[in-house]
Amino acid sequence: MHWADVVAVNLSRRAGKHIISTGITPSGEFHIGHLREILTGEMISRAAIDAGLDVEFIFIVDDADPLRRVYPFLDEEYDKFIGHQIGNIPAPDANGKPDYERFSSDGFSYADYFLNPFLDALRAIGVNPRIVKNLAAYRSGKFTDCIKTACDNADKIREIIERVSGRELPTNWFPYSPIDTNGCLFGVTVTGYEYPLVHYTDANGRKCSSDITHGHGKLPWRIDWPAKWAWIGVTCEAFGKDHGASGGSYDTGKEICQLFGYDAPQPLVYEWISLKGKGAMSSSTGNTIGPMEALDLVPPEILRFLIAGSKPNKAIEFDAGMSLVNLADEYERSCARNLADELNDESISRRRKVQLEDLMGAVRLSSIEHNSITDSSNVSFRHLALLAQTKTNDEQVWQSLALDETNPPSDILIDRLKKMRTWISSPHFPAEMRVRVINQPPLELISELSNDDKSVLTNLTKMLETCDWDADSIAACIVDSAKSIDKSPRIAYSVAYMCLMGSKKGPKLAPIIAELGKQEVIEQFSRCLDSII
RNA sequence: GGGCCUGUAGCUUAGUCAGGUAGAGCGACGGACUCUUAAUCCGUCGGUCGCGGGUUCGAACCCCGUCAGGCCCGCCA
């Protein structure tokens, strides 16, 4: 059974409505690591819906969190906003300076600046969660009951965190952080509590009070999280391994949640996505591929397939090079198979059956539209990469695929080709996929040629001299050059690839030769022949 | 220091909860096809399951130890 279906089965033991939750702090550029958070939750939602449950999928935006430091992409001016809630400070402009004008005119915040493009990417990928903004929830009083419970039970919460996480909290620790009169969360020390007021001193030592029912503050993360479970009614949440480690915030949250009179949601811990050969993804070091950048290169269903096809506890190494080709082609191959039929075959082993079920689940959860037919383009990535490189305009590509007005290319295929062209012109496109023609004899390869190979090459060169310069005629020449000495056309293709591209294999050759021009090809073949002798 | 996760074929991995002949996909190799030759089809090769002990009739799986990588024990999410 697919991992998302396993979670759905577990959820079905709990009656009533299910709320599957995800959450991210928009403190900087989003990257595809964040996509795993969202997609893991979304796929559980789909599986739960398929299992007949009443399900809502939500995305909590943690815009009540403070700006922690001036990130490299920010101007020094942001220094004064450190400790301020990111949903309550201006977004950076093109130069990284705070855009006060926009913030005061339409309230466009730092959090919105990073969140909005991510939401666009989510739509493109078929994810449409209900958005819950944390800051607004605090301000509208959604957290009030939980804040009161937390303040009333400060000692119990302290005990839970100290026992479960094994760390000692400072003596002045308090389970609620008010913002000071400037809106800063840092440097504030709570000195007393008399409902509904908390008394505190700010960074400058001034004594102030804050009414906890007004939402001018924030619960620390380890309390904020279970409080959200309680007021929203979250029944399942997928979260990263950082939260999932024992003694981590899920463990403490599970117990704190009980104080709010609520049972913790079903957890699912997922691993990080890293960039192949570059380690973990990090916004601050620039070691990221943003979801938007990824979507320019990778068809959304393939991105879904990446997540759906790996068990959540497996680390994913993403790279936009050869792995992407393999991933995309695996998706296409899987779509082309009739997995249901294969599964019905009584003779397959139990093991095989499990594998087929998992694959079928992964394909099912990869379609952009829930339970639509698969988003297959029916053309392999490899083949499309080749066509996109050898055909300058799209019409020629469609022609080559035998598509015309009566049988037009699908929207998916049109989108794929567009992305393929972007990918080809990007630095991510792998060198081994690039069609490149050489003009020097590849001496090392040629030295291995047999006598048959040499005769075929001689024949081919001669035949091409009198050949009509179109793909069909050239293809015939290639075949005949081998046939004329009773050899497989394979030999002819192989020597031609070696001489023209320096490899033993390659993309469909005749159209490429046709585009190269007769003189160029014959000269290169001749140079190769000369260097053999 | 304490805890958690991961380690299985060249690569990606299933199988570990419930011990019972190590299974796939890709790649590689071989073959077929007068041939969309980076396609398709058929076939073959490939594994001391990180390492060492233990329990057991039997261990990838359970137990102990050990090595490697990652993570948590922050007002971080």
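Scroll up to find the structure this text is about.
Residues numbered from 1 in each chain as written. Chains lettered and ligands numbered in written order. Predicted model: local features only at pLDDT ≥ 70, side-chain atom pairs only at ≥ 80, totals over all residues. Heavy atoms only, no water.

A. Focus on the packing of aromatic side chains. The full count for this structure, using the stated rule, is 23 aromatic pairs. An angle of 15° between the planes, with centres 4.1 Å apart, marks the rings of F30 and F118 as stacked. With a gap of 88 residues between them, F30 in the loop between strand 1 (18–24) and helix 2 (32–50) and F118 in helix 4 (residues 110–124) connect regions that are remote in the sequence. Across the pair, exposure class does not vary: F30 and F118 are buried alike. Geometrically, the ring pair formed by F174 and Y193 is tilted, given 6.0 Å between the ring centres and 50° between the ring planes. (Phe/Tyr/Trp six-rings, centres within 6.5 Å; stacked < 30°, edge-to-face > 60°. Helix = DSSP H or I, 4+ residues; strand = E, 2+ residues; numbered from the N terminus. Buried < 20%, exposed > 50% of the residue type's maximum accessible area, 1.4 Å probe, protein only.)

B. Focus on the protein's contact with RNA strand B. Taken together, 37 residues lie near RNA strand B, and T25, R167, S246, P489 and G506 sit nearest. When the atoms of RNA strand B within 4 Å of the protein are sorted by group, sugar and phosphate make up 73%. T25 has a polar side-chain atom sitting 3.4 Å from a sugar or linking oxygen of RNA strand B. Within the backbone of M433, one N or O atom sits 3.3 Å away from a base nitrogen of RNA strand B. Elements with a minimum of two residues in the surface near RNA strand B: helix 8 (221–232), helix 9 (241–244), helix 15 (350–366), helix 16 (381–390) and helix 22 (489–501). No other element matches the 4 residues that helix 22 contributes to the surface near RNA strand B. Broken down by class, the residue content of the surface near RNA strand B amounts to 10 nonpolar, 10 polar and 17 charged. (Near = heavy atom within 4 Å. Polar contact = N/O pair within 3.5 Å; in protein donor to acceptor, adjacent residues only side chain to side chain. Nonpolar A, V, L, I, M, F, W, Y, C, P; charged D, E, K, R; others polar.)

C. Representation of helix 24 (residues 518–532). A rise of 1.5 Å per residue sets the reference length of helix 24, with its 15 residues, at 21 Å; its end C-alpha atoms lie 21 Å apart and thus fit the reference within 8%. Of all the residues in helix 24, the buried ones are V521, I522, Q524, F525, C528 and L529. Viewed along the axis of helix 24, the buried residues span an arc of 160°, placing them on a single side of the element. In helix 24, the exposed residues that point more than 90 degrees away from the buried face are Q519 and D530. If you follow the buried residues of helix 24, they end up packed against helix 19 (443–446), helix 20 (451–465), helix 22 and helix 23 (509–516). (Expected span 1.5 Å × (residues − 1). Arc of directions from axis to C-beta. Contact = heavy atoms within 4.5 Å.)

D. Seen up close, the environment of K487. Within the secondary structure, K487 is located in the loop between helix 21 (471–483) and helix 22. C-alpha separation for the pair K487 and D63, spaced 424 residues apart in sequence, amounts to 70 Å. Leave out the neighbours within four places in its chain, and K487 touches D452 and A482.

E. Expanded view of the packing of helix 8 against helix 10 (residues 249–259). In contact at an axis separation of 8 Å, helix 8 and helix 10 are set at 55° when each is read in the N-to-C sense. With respect to each other, helix 8 and helix 10 are oriented oblique. For the element pair helix 8 and helix 10, the recorded crossing hand is right-handed. Between helix 8 and helix 10, the residues in contact are W221, R222, I223, W225, P226 and W229 and S249, Y250, T252, G253, K254, I256 and C257, respectively. Split into classes, the residues belonging to the contact of helix 8 with helix 10 amount to 8 nonpolar, 3 polar and 2 charged. (Axes fitted to C-alpha atoms, helices over the stretch in contact; angles between N-to-C directions. Parallel < 35°, antiparallel > 145°, perpendicular 65-115°, else oblique. Left-handed = near helix turned anticlockwise from the far one by under 90°.)

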